[in-house]
Amino acid sequence: MRSFAAREAESPRAMAVMAPGWIRTDLGGGPDVPLTIDDGIPSLVRVLLAKRERPGLEYLNQHGETVPW
């Protein structure tokens, strides 16, 4: 994604890589995992909707905070 964003540096696109947090799935996690898929999706959608206003690539967590590369 970083390579794509570098090639598209002049693009007005908003691009995001997401770190959704620890989400319980059928593949594992168990009872200690704090979020279900249903709990996690709304925050990811809010972050992506807010990102539309900021062009360029960002690596964001489920709270909209920047995650270090």
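Quick caveat: nothing in here was measured; it's all calculated off a predicted structure.

1. A few points about the overall build of the chain
The number of helices and strands found in the chain is two helices and two strands. Reading the secondary structure of the chain in the N-to-C direction produces α-β-α-β. Computed over the C-alpha atoms, the radius of gyration of the chain is 14 Å, more than 25% above the 11 Å expected from 2.2 N^0.38 for a compact globule of 69 residues. Its C-alpha atoms put the chain at 45 × 20 × 20 Å along the principal axes. Taking all 69 residues of the chain together, the buried fraction comes to 22%. Taking all contacts inside the chain whose residues are at least 6 apart in sequence as the whole, residues at least 24 apart take part in 46%. Accessible surface for the chain amounts to roughly 5000 Å². Of this, 56% is attributable to carbon and sulfur atoms. One way to put it: in the chain the 8 positive side-chain charges average out to a point 6 Å from where the 9 negative ones average out.

2. Side note on the pairing of strand β1 (residues 14-19)
Judged from the six bridges that link them, β1 and strand β2 (residues 56-61) form a sheet pairing that is parallel. In the strand pairing of β2, Val-17 is matched with Tyr-59. For the handedness criterion, the β-α-β arrangement of β1, helix α2 (residues 37-51) and β2 is classed as left-handed.

3. A short note on the environment of Met-18
For Met-18, the location among the structural elements is in strand β1. In this structure Met-18 comes out as partly exposed when scored by relative accessible area, which is 23%. A sequence separation of 49 residues divides Met-18 from Val-67, and the C-alpha atoms of the two residues are 8.8 Å apart. In this structure Met-18 touches Leu-44, Val-47, Leu-48, Tyr-59, Leu-60 and Asn-61, once residues within four positions along its chain are discounted.

About the criteria used
- Residues numbered from 1 in each chain as written.
- Predicted model: local features only at pLDDT ≥ 70, side-chain atom pairs only at ≥ 80, totals over all residues.
- Heavy atoms only, no water.
- Helix = DSSP H or I, 4+ residues; strand = E, 2+ residues; numbered from the N terminus.
- Rg over C-alpha atoms; globule rule 2.2 N^0.38 Å.
- Buried < 20%, exposed > 50% of the residue type's maximum accessible area, 1.4 Å probe, protein only.
- Contact = heavy atoms within 4.5 Å.
- Areas by Shrake-Rupley, 256 points an atom, 1.4 Å probe, with all protein chains shown as cover.
- Lys, Arg positive; Asp, Glu negative; His and termini not counted.
- Charge placed at Lys NZ, Arg CZ, Asp CG, Glu CD.
- Pairing = 2+ DSSP bridges.
- Right-handed = clockwise from strand over helix to strand, strands pointing away.

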